[in-house]
Amino acid sequence: MTAFPSVTMKILAASLDLSPDAVVVVNAAGTIVLVNALVETMFGYREEELVGQQVEVLLPERLHTMHAAHRVRYGRAPRLRPMGRWLIVEGRRKDGHEFPVDVSLRPIMMEQALHVIGAVRDMSVQRIAESEHNELAKRLYLQGKLVNLAHDAILVCDPEDHIVSWNRGAEKLYGWKEQEAVGQAIHLFLQARFPQPLETIEQVLEQEGQWEGDLIHICRDGKQVIVESRQVLVRDARGTPTAILEINRDVTERRRLEQVEREARAEMRARLKALQLILNELPISICLVQGPQARLILANRASTALWGAEWKRGQPMEDFLTRHAIRLFTGDGRPLSSADSPIRRAVASGEAIYHNQHVIRQPDGANLPVLVNAIPLDALRELQPLSYELAEGPAAAERVALIVHQDVTALKEAETLKDTFISIVTHELRTPVTVLVGYASLMLARAARGKGPELDEWQRAKLSEMKEAAHRLAKLTEDLQHVTRVQAGQFQLQLSPTDLVALTRQVVDRLQATTDRHRLSVHTSLAQLQATVDAFRIEQVLTNLLTNAIKYSPQGGPIEVTIEENAEAHEARFNVRDSGMGIPREQQVHIFERFVRADNVRAARISGTGLGLYLCRELVERHGGRIYFESEERVGSTFYFTLPSNAGTR
Ligand code: ADP
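Worth saying up front: this structure is predicted, and the values here are computed from it rather than measured.

Enquirer: Quick question: what am I supposed to make of the sheet that holds strand S19 (residues 518-523) here?
Expert: Hydrogen bonds between backbone groups are what pair the strands of a sheet, and the pairing can be parallel or antiparallel. Strand order in this open sheet of five strands is S19-S21-S22-S24-S23, and the pairing throughout is mixed. At either margin of the open sheet sits one strand with a lone partner, and together these are S19 and strand S23 (627-632). Averaged over all adjacent pairs, the angle separating strand axes in this sheet is 15°, with direction ignored. Sheet analysis places S23 next to strand S24 (residues 636-644), joined by six bridges and oriented antiparallel. Across the sheet, glutamate 632 pairs through a bridge with glycine 636, a residue of S24.

Enquirer: In this structure, what is going on with the site of the ligand? I would like to understand it.
Expert: The ligand sits among 20 residues. The nearest are Asn548, Tyr552, Arg597, Thr609 and Leu613. At 2.8 Å, a side-chain N or O of asparagine 548 approaches an oxygen atom of the ligand. The side chain of aspartate 578 places a nitrogen or oxygen atom 2.9 Å from a nitrogen atom of the ligand. Protein chains shield 97% of the accessible area of the ligand, which is 530 Å² for the free molecule. Among the secondary structure elements, those contributing two or more residues to the shell around the ligand are helix H18 (535-551), helix H20 (612-622) and S24. Considering every element that reaches the shell around the ligand, the biggest residue donor is H18, with three residues.

Enquirer: I would appreciate a short explanation of the nonpolar core in the present structure.
Expert: Considering soluble globular proteins, one finds that nonpolar side chains tend to be buried as a cluster. Counting residues in each nonpolar core, the largest one holds 46 residues, and the members touching the most others are Leu500, Leu545, Leu546, Phe574 and Phe641. Residue contributions to this core peak at seven residues, all from H18. Apart from residues no more than four positions distant in its own chain, leucine 546 is found in contact with Val507, Val508, Leu511, Leu520, Ile559, Val561 and Val576. Counting residues in hydrophobic clusters, the runner-up holds 26 residues, among them Leu296, Leu306, Met317 and Ile360.

Enquirer: In this structure, what is going on with helix H15 (residues 409-448)? I would like to understand it.
Expert: Since there are 3.6 residues in each turn of an α-helix, residues three or four apart along the chain are aligned in direction. An ideal rise of 1.5 Å per residue puts 58 Å on 40 residues; H15 measures up with 57 Å between its terminal C-alpha atoms. By the largest-angle criterion, arginine 430 marks the main kink of H15, which is about 30°, and a proline, proline 432, follows within four residues. Looking at the buried side of H15, the elements it contacts are helix H16 (457-487). Glycine 450 sits one or two residues past H15 and shows a positive phi near 80°.

Enquirer: Just to check I follow, could you spell out the sheet that holds strand S9 (residues 224-235) for this structure?
Expert: In space, the five strands of this open sheet follow the order S7-S6-S10-S9-S8, with antiparallel pairing throughout. Edge positions in the open sheet fall to strand S7 (163-166) and strand S8 (210-218), since each of these has one partner strand only. The mean angle between the axes of side-by-side strands here comes to 25°, regardless of whether they run parallel or antiparallel. Across nine bridges, S8 lies against S9 in antiparallel orientation. Note that in S9 the partner of aspartate 214 across the bridge is glutamate 228. Sheet strands touched by helix H10 (residues 252-280): S8, S9 and strand S10 (241-250). Its angle to S9, the strand with the most contacts, is close to 120°.

Enquirer: Sorry if this is basic, but what is going on with the pattern of salt bridges here?
Expert: Side chains bearing opposite charge may pair, as long as their charged atoms lie close to each other. For the structure shown, the criterion picks out 30 salt bridges. A salt bridge links glutamate 56 to arginine 71, with the nearest nitrogen and oxygen atoms 3.1 Å apart. Within this pair, whereas glutamate 56 is found in the loop between helix H3 (47-50) and helix H4 (64-76), its partner arginine 71 is found in helix H4, the two being separated by 15 residues in sequence. Assigned by exposure class, glutamate 56 and arginine 71 land together as buried. Residues arginine 256 and glutamate 253 are paired through a salt bridge, measuring 2.8 Å at the closest nitrogen-oxygen approach. Taken as a pair, arginine 256 and glutamate 253 lie in helix H10 at a separation of three residues, close to a single helical turn. With relative accessibility at 45%, the residue arginine 256 sits in the partly exposed group. Here the salt bridges share partners, and the residues they tie into one network are Asp214, Glu228, Arg254, Arg255 and Glu258.

Enquirer: Would you take a moment to explain H16 for this structure?
Expert: A rise of 1.5 Å per residue sets the reference length of H16, with its 31 residues, at 45 Å; its end C-alpha atoms lie 45 Å apart and thus fit the reference within 8%. When we look at burial in H16, the residues that qualify are Leu463, Ala470, Thr477, Asp479, Leu480, Gln481, His482, Val483, Thr484 and Val486. If you follow the buried residues of H16, they end up packed against H15, H18 and H20. Count one or two residues on from H16 and you reach glycine 489, which has phi positive near 65°.

Conventions adopted
Residues numbered from 1 in each chain as written. Predicted model: local features only at pLDDT ≥ 70, side-chain atom pairs only at ≥ 80, totals over all residues. Heavy atoms only, no water. Pairing = 2+ DSSP bridges. Helix = DSSP H or I, 4+ residues; strand = E, 2+ residues; numbered from the N terminus. Axes fitted to C-alpha atoms, helices over the stretch in contact; angles between N-to-C directions. Near = heavy atom within 4 Å. Polar contact = N/O pair within 3.5 Å; in protein donor to acceptor, adjacent residues only side chain to side chain. Areas by Shrake-Rupley, 256 points an atom, 1.4 Å probe, with all protein chains shown as cover. Core = buried A, V, L, I, M, F, W, Y, C linked by side-chain atoms within 4.5 Å. Buried < 20%, exposed > 50% of the residue type's maximum accessible area, 1.4 Å probe, protein only. Contact = heavy atoms within 4.5 Å. Expected span 1.5 Å × (residues − 1). Bend = angle between axes of the 7 residues up to and from the residue. Salt bridge = Lys/Arg side-chain N within 4 Å of Asp/Glu carboxyl O.

This is how it looks when you write it as C-alpha cells:
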C-alpha cells in the first residue's frame, strides 16, 4: 500500500485488512488502487502485481469485455450493491484456476474522485453445498414419484399413529385421497381388525423395530380388504421414535384362493379317509404307490396282514422290505428283487401287470403265495385325476399305481390236494393197467401161436381194443405222474455232458421203427454237439415233439429234425417240422397249457392227453432254454426249442 501514501488511503488500507472478504478498490477507470491481504491469498497475486492493473485481471478473459461495459454503466450510476444479490461471477487466479465469487460493490469518493470498493467472497464451498442440495431435492422428488408408482399402499404415520403421508397406491386401495387421510388416526380411519391384540403388535414394533402380518381394513366404499402389512419404526439419533413406515399389500384374492385350496384339500382328505375306511373292510390287500421307488400313498388293513408288517405312508418299497426282512420269490422259488417286482415295474415303466404269481416271505418266515395285479393309474384314464389329488408337492408328476394282492394260500392248498390225489390215483392205476396190457398181449400172442383155446375173430378184435385202451390209460397215468412231479418241484435235473446230435439220432431211429408212413430225418452240419443236460428229460422232449409230429400227420410225410449251434450265444437250436394238420390259429396261445388239445385233433379222433407240450415247456425252461412254434392249419407245424450248449467243445 506504499503507492498511496495519503492518510485516507492508509486508514482505508488498514481497515480493509480487517475485512473477512477479499477487497479490491478501483478508480473510475477500472484500475486497481488498493487490495487487501485476502486478495493475495484468493487470487495468488502479490499486491504490487495488482495495483495499477485493470480490475479485469481478476476475471477470466472471456468476461473482460462484458465486465468493462458493466463497469462503465455502473460508473454512470453508482450505487450500493450488497452481497447475496446473485452478482456471482467467475474469478480467475493467477495460475488460471477459475472459481465462483460473489461481489458486493460500494461507491466511495476519495480524494475528490469516485472509487469503487469491491468485496469479493469465494463461493466454491457454497456452490458445492448448493449442488448437493439440488441433488437431494431431485432424489426426494424421484423417490416421491416411485412411492406413487407402487401398487402397494405406502404410508407414513407419526409415533401417535396419525397419518402424515399417503401414496397413490393407498388412494387406490382404500379410496381416500391424501388430503382426506393425512392427520387421521390410522386404525380408526381404516377400522382395522388385528390378528393379535394391537398392544402385542406395538410391543413387537417397539422391541424389534418392525412387524409383519395380515390386517383387515375397511375401504371408503365399505369393502373389506385383507392386507399383508409390513411396518417399521423409525427413530432419531437419540432413539426417540419419529415415524412408522407402513407398506400394505392387498392380498384379499390370494387369501381367498388359499382358503379355497385349504378347503379342497380338507375335503380330499375326508374323501381319502372314507376311502380308507371302505378299503379297510376289503379282504384283499390294496395299496397305492407312487414314483419309481414305489413310495406308499395308501394301504388298507389287509395289506398289513399280507406283508406281516405295516408299510408306512411315504416309505419306499425297498426300505420297507429291508427294514422288516421281508423277501419275495417267483412262483418257482427263485428270489425276486424289489426292482423286478410287479409293483416297481408298474410305477417305473407304466406296465400293467395282471395275475403275477409270487411268494411273500413275511418277517416271521411264513411264506404266502400271492397273485398280484399292478396297474398304473395313467392306464386307467378315469382314475388319472385321482393320482394328482393323492400326490403332494413336486412328486405330483410321478406315476401312481394301484396294487392288488390276493392271498392264494387256500387255492394253492386245494391245488396241492388235487395234485396229491392225482399222484395217488395214477400210482394206484399203474399196476392194474400194466396187468391189463400184459394179459391182453399174452392172450393175443398165445392165440396167434395156436396155444390154448382158439379165439373167435370178434374176441381177437376186442382183446386188441382192450390192449390199445389200456395202453392209452398207461400213457395218461405216466404223463399225469410226470406233471404232478414237475409241479410239486419233486424232480431234480440229472445234468451230465451229453452229445445232443447222437441223442437226437437215437430218438429218431427209435420212432422211425413205429411208422411206415412217415420218413424221419436229422439235418445238421455238426458231427456232435456237447451240452450239459439231463439226457433222459431231453429225450422225453424230443420223443413228445416227434410223436406229435407223427400223430398229427395222419396222411404221412416227411418229418425233419434240424440241429444248429449258435456258438456266440452258447445255444443249441432244434426244430421239428411236419407237414400235418397244424394248429388252428385261435387255439395257438393256449396250446402249452395243461390238458389243452386243439379242436381239429379232437374232431379227427386222435387220442392224446394234452399234457405233452406242457411237460416239454417245463423241461426246456428248467434247462434255461425256450420253446415256441409256428403252425398253419392243413399246412404243418414247426416246433423250435433251444438249450444252453457247451460252445467250443466240438
Ligand atoms: P396230446 O398230443 O397228448 O394231445 P400235447 O400237449 O402234446 O398233447 O399237445 C397238445 C395239443 O397240441 C395237441 O392235442 C394238438 O392239438 C396240438 N399239437 C401238438 N403238436 C402238434 C403238431 N405237431 N401238429 C398239430 N397239432 C399239434
